[in-house]
Amino acid sequence: MRTTPPTLLTPLQAEFDALRRGATSPGAFSLHARAQAELLVALPPRYTEVLLGLLDRLESSALFAEESCSFSQQDLLDSLQLWLDKAALQLPA
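Attention in this report is confined to the structure presented alongside it. (Residues numbered from 1 in each chain as written. Predicted model: local features only at pLDDT ≥ 70, side-chain atom pairs only at ≥ 80, totals over all residues. Heavy atoms only, no water.)

1. Section: the overall build of the protein chain
Operational definition: Only DSSP runs of H or I reaching four residues or more are called helices, and only runs of E reaching two or more are called strands; each is numbered from the N terminus. Note on definitions: a residue-residue contact is assigned when non-hydrogen atoms from the two residues lie within 4.5 Å. Only the protein chains shown count as cover for residues, and the accessible areas themselves come from Shrake-Rupley with a 1.4 Å probe.
Looking only at helices and strands, the protein chain features six helices and zero strands. Listing every helix and strand of the protein chain by position from the N terminus yields α-α-α-α-α-α. In the protein chain, the proportion of contacts linking residues at least 24 apart, taken out of those at least 6 apart, comes to 65%. On the protein chain, roughly 5,700 Å² of surface is accessible, and the fraction owed to carbon and sulfur atoms is 58%.

Here's what the structure looks like:
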């Protein structure tokens, strides 16, 4: 069964929601996101570039126990949600 484009984002959004709840780690979310090859192919190339940059920053921020001047995990989570929202608009209905 082939996945339709709008549903390609569903597993990543669910994993992101788990990350926000603290039910998964930034590293686990990042691995899951990087494995979404079909989703990334369905999006314009710049979306992959932006997502990979956000994931790199998320993984780096996980090294800090608290917010630092370089890494605000809340800001990164907000940026990831914005990426998910914009990616949803790019996928054909």
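2. Considering the side chain of Ser 30
Mapped onto the secondary structure, Ser 30 falls in helix α3 (residues 26–34). Excluding its chain neighbours within four sequence positions, the residues that come into contact with Ser 30 are Leu 55 and Glu 59.

3. Points about the environment of Leu 9
Assignment of secondary structure puts Leu 9 in the loop between α1 (5–8) and α2 (10–21). Distance in space between the C-alpha atoms of Leu 9 and Leu 84 is 7.6 Å, their sequence separation being 75 residues. If sequence neighbours within four positions are ignored, Leu 9 has contacts with Leu 39, Trp 83, Leu 84, Ala 87, Ala 88 and Leu 91.

4. Observations regarding the pattern of salt bridges
We apply this condition: The salt bridge definition used is simple: a Lys or Arg side-chain nitrogen within 4 Å of an Asp or Glu carboxyl oxygen. Think of it in three bands: with a 1.4 Å probe and only protein chains considered, a residue is buried below 20% of the maximum accessible area for its type, exposed above 50%, and partly exposed in between.
Counting across every chain of the model gives three salt bridges. Measuring nitrogen to oxygen at the nearest pair gives 2.6 Å for the salt bridge that ties Asp 56 to Arg 34. With a gap of 22 residues between them, Asp 56 in helix α5 (residues 45–61) and Arg 34 in helix α3 connect regions that are remote in the sequence. With relative accessibility at 41%, the residue Asp 56 sits in the partly exposed group. Residue Glu 59 pairs with Arg 34 through a salt bridge whose shortest N-O separation is 3.5 Å. Of the two residues, Glu 59 is situated in helix α5 and Arg 34 in helix α3; the sequence distance between them amounts to 25 residues.

5. Overview of the nonpolar core
How we decide: For the purposes of this section, nonpolar cores are sets of buried Ala, Val, Leu, Ile, Met, Phe, Trp, Tyr and Cys residues that join through side-chain atoms within 4.5 Å.
In terms of nonpolar packing, the biggest core is built from 22 residues, with Phe 29, Leu 39, Leu 80 and Trp 83 touching the most fellow members. Mapped onto this core, the elements with two or more residues apiece are α2, α3, α4 (37–42), α5 and α6 (73–90). The dominant element in this core, judged by the number of residues it contributes, is α6, at six residues. Aside from chain neighbours lying at most four places away, what touches Trp 83 is Leu 9, Leu 12, Leu 39, Leu 40, Leu 43, Tyr 47, Val 50, Leu 51 and Leu 54.

6. As for the packing of α5 against α6
To be explicit about the condition: With axes taken as lines fitted to C-alpha atoms, and helix axes fitted only over the stretch in contact, angles between N-to-C directions fall between 0 and 180 degrees. Every angle not falling under 35 degrees, over 145, or within 65 to 115 is termed oblique; those three ranges are roughly parallel, roughly antiparallel and roughly perpendicular. Helix crossings fall into two classes, left-handed where the near helix is turned counterclockwise from the far one by less than a right angle and right-handed where it is turned clockwise. Asp, Glu, Lys and Arg are counted as charged, while Ala, Val, Leu, Ile, Met, Phe, Trp, Tyr, Cys and Pro are counted as nonpolar; the rest, among them Gly, fall into the polar class.
At a minimum axis distance of 10 Å, the contact between α5 and α6 shows a crossing angle of 160°. Here α6 runs roughly antiparallel to α5, going by the angle between their axes. For the element pair α5 and α6, the recorded crossing hand is left-handed. Every residue of α6 that contacts α5 at Arg 46, Tyr 47, Val 50, Leu 51, Leu 54, Leu 55, Arg 57, Leu 58 and Ser 61 is listed here: Gln 73, Leu 76, Leu 77, Ser 79, Leu 80, Trp 83, Lys 86, Ala 87 and Gln 90. Its residues assigned to classes, the contact of α5 with α6 comprises eleven nonpolar, four polar and three charged.

Take it as geometry only, folks, not as evidence of what the structure does.
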